[in-house]
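Below are the chains, spelled out letter by letter.
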Amino acid sequence: MAAGTTTTLIRNGTVVTCIGNDRTPSSFKADVLVRDGTIIEVAREKQLSPQEGWTIIDATDKLICPGFVDTHRHVWESAYRFMGDWTLLEYVAKCLQVLFPVIEADDAYASQMLGYLEALNGGVTTVVDHCHLTREPQLFDAMLDATRKSGIRSFLCYARWEEWPNGSGRKEWQMNQLRRLVKEGTGSDRVTLGLAIDGLGEPFYRELQDELFPFAKENGIDVFSTHTVSKLSGIGPDTISQLSERGMLTQPILFVHCNEMSDSERDTLIAAECGISSTPEIELHMPLGNPVALTADDAGARVGLGVDCSSVVSGEMFSVMRSALQYQRGVENDKLHSQGKFPKYLKRKAGDVFRMATMGGARAIHREHLIGSVEVGKKADLVLLNTLTPAMLGAERDPVQAIVMHASVSDVEMVLVDGEVVVDKTRPVSEGAFTRVKWTEEVKRVRESSVRIKARISDWNTAEEAGYTRIRNIFGLTNEICAEKY
């Protein structure tokens, strides 16, 4: 074995993965051989002979699946677990207008680290992080530091925005920070700089066309994340048509939510090979509109799934997969019921959303050659699930259904990113499951941050009402639109 080479053999597991362009996941007994972070062999129905110097992981009674790809998350919000009953209007008014202005660098680091550890703990190995906490340069630097240290694979999308939230005058230093990041790099092969490109009105589109897209092309940035929600909310209601009419879909963009997307807009995205990130749990919750994941996938779009805000909903992909699947089943079953019919078989299968949470997410960001499946040549971003837990016992009959319908965070036993074990729940409790950080230290950071933030917001009610006023003015929301209850 060459000097400096690391080899890991994962033995006697059951691989669950999509293969190539297959839309239906496969499962089979196999050994998986990893060298220097890349899968070099998937030995079906046979055992490989370990060699001296290899690390051996016993996967007996374990499922080996690709790490989940979360195509949309605001990771910096992860420590603020008090948004679970908020609507979209409340979120924009309270989180982005009240909480956003008081976050400092230490708080940003603590919450960012927590968010990525939460993702890894649930088997998420890749996150498209729509990072809009770019109020001050030191905030992004702190979040980048936490991202690197967590060990996750991140597409860290920097938000270059001017008008809101909370003031203007950021353009010059934000562009300078972006130039520095491009020049110096992110400091980790697992962290890729992207752009979050939300904005309002003609000046936003002009800046995209004249400055940001040329800057990205010149510097090799190829992951762009943008929200398109609904006409009623005013948040990106016509982003697809606006960018298309300006000839700006020459680079693939990841469009998030797309709840009111027309068929023609969907076809435009398909033709341009743009991705769609559907976050069904939060879309149904806030409400943003009905999830398009499975219908857009039917049409041939590049669809991935995402958590969005783990401050509002769950931070793992098991709940996301189930939300997407059960929503669409409910809609289609209800249609049959209205016709006086009952389905003999379910049209929508667990494998549909498993694919979206793995290979679908990789395709949505054009990284299907690197991640999203357990195949030779792919990065060894892998999750081992224990089938001897109460929820997973019997999983061998149909591992895909077991993962989607029954698994939870507690069934995730080990997580590898780039072949490195970053979560190992077989370790002694005193050591903690996270191999790169000490969990007790991160707990302390988050708790100390919570105390600081609480002290900075002395009157939530007054701040909240001011936030509502600003948001109503920005988006043109009237009292008639903003129903108090329903």
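As shown above, the structure is provided for reference.
Everything numeric here is computed off the predicted structure, so don't read it as measured data. (Residues numbered from 1 in each chain as written. Predicted model: local features only at pLDDT ≥ 70, side-chain atom pairs only at ≥ 80, totals over all residues. Heavy atoms only, no water.)

Considerations on the overall build of the protein chain
Part 1 of the argument: Counting secondary structure elements, the protein chain contains 14 helices and 16 strands.
Part 2 of the argument: The C-alpha atoms of the protein chain give 22 Å as radius of gyration, which agrees with the globular expectation for 486 residues (23 Å, within 12%).
Part 3 of the argument: By the burial criterion, 57% of the 486 residues in the protein chain qualify as buried.
Part 4 of the argument: At a minimum sequence separation of 6, the contacts of the protein chain that also span at least 24 residues come to 73%.
Part 5 of the argument: Summed over its atoms, the accessible surface of the protein chain is roughly 20,300 Å², and 49% of this surface lies on carbon and sulfur atoms.
Part 6 of the argument: If you average the places of the 54 positive and of the 67 negative side-chain charges in the protein chain, the two averages end up 2 Å apart. (Helix = DSSP H or I, 4+ residues; strand = E, 2+ residues; numbered from the N terminus. Rg over C-alpha atoms; globule rule 2.2 N^0.38 Å. Buried < 20%, exposed > 50% of the residue type's maximum accessible area, 1.4 Å probe, protein only. Contact = heavy atoms within 4.5 Å. Areas by Shrake-Rupley, 256 points an atom, 1.4 Å probe, with all protein chains shown as cover. Lys, Arg positive; Asp, Glu negative; His and termini not counted. Charge placed at Lys NZ, Arg CZ, Asp CG, Glu CD.)

Thoughts on the sheet that holds strand β6 (residues 68-73)
Part 1 of the argument: If you trace the 8 strands from one edge of the open sheet to the other, you get β6-β7-β8-β9-β10-β11-β12-β13, paired in parallel fashion. The sheet terminates laterally at β6 and β13 (302-305), the two strands that pair on one side only. Looking at each pair of strands side by side, their axes are set apart by 25° on average, direction ignored.
Part 2 of the argument: As paired strands, strand β11 (residues 254-257) and strand β12 (residues 275-278) are joined by 3 bridges and run parallel to one another. Bridged to Val256 within β12 is Ser277.
Part 3 of the argument: The sheet strands contacting helix α2 (residues 105-121) are β6, β7 (124-131) and β8 (153-159), and the helix crosses β7 at an angle near 145°. (Pairing = 2+ DSSP bridges. Axes fitted to C-alpha atoms, helices over the stretch in contact; angles between N-to-C directions.)

Points about the state of the cysteines
A covalent bond between the sulfur atoms of two cysteines is referred to as a disulfide.
Part 1 of the argument: Following the criterion strictly, the structure yields 0 disulfides and no others.
Part 2 of the argument: Its sulfur unpaired, Cys18 is 11 Å from the next cysteine sulfur, which belongs to Cys65.
Part 3 of the argument: Distance from the sulfur of Cys157, which forms no disulfide, to the nearest cysteine sulfur (Cys131) is 8.9 Å. (Disulfide = S-S within 2.5 Å.)

Some details on empty space enclosed by the protein
Part 1 of the argument: Taken as a whole and assessed by the stated rule, the structure comprises 2 cavities of 30 Å³ or more.
Part 2 of the argument: What the second largest cavity holds in volume is close to 40 Å³.
Part 3 of the argument: Across the lining of the second largest cavity, the residue classes break down as 4 nonpolar, 5 polar and 2 charged. (1 Å grid on protein atoms, 1.4 Å probe; cavity = no way out; pocket = protein on both sides within 12 Å on 5 of 7 lines; lining within 4 Å. Points joined across faces, edges and corners; volume = space filled by probe spheres on them. Nonpolar A, V, L, I, M, F, W, Y, C, P; charged D, E, K, R; others polar.)

Let's talk about the environment of Glu211
Part 1 of the argument: One can find Glu211 in helix α5 (residues 201-218).
Part 2 of the argument: Along the chain, Glu211 and Met175 lie 36 residues apart, while their C-alpha atoms are 9.8 Å from each other.
Part 3 of the argument: Glu211 has contacts with Lys171 and Arg206, leaving out every residue within four places of it along the chain.
Part 4 of the argument: A polar atom in the side chain of Glu211 sits 2.6 Å from the side chain of Lys171. (Polar contact = N/O pair within 3.5 Å; in protein donor to acceptor, adjacent residues only side chain to side chain.)

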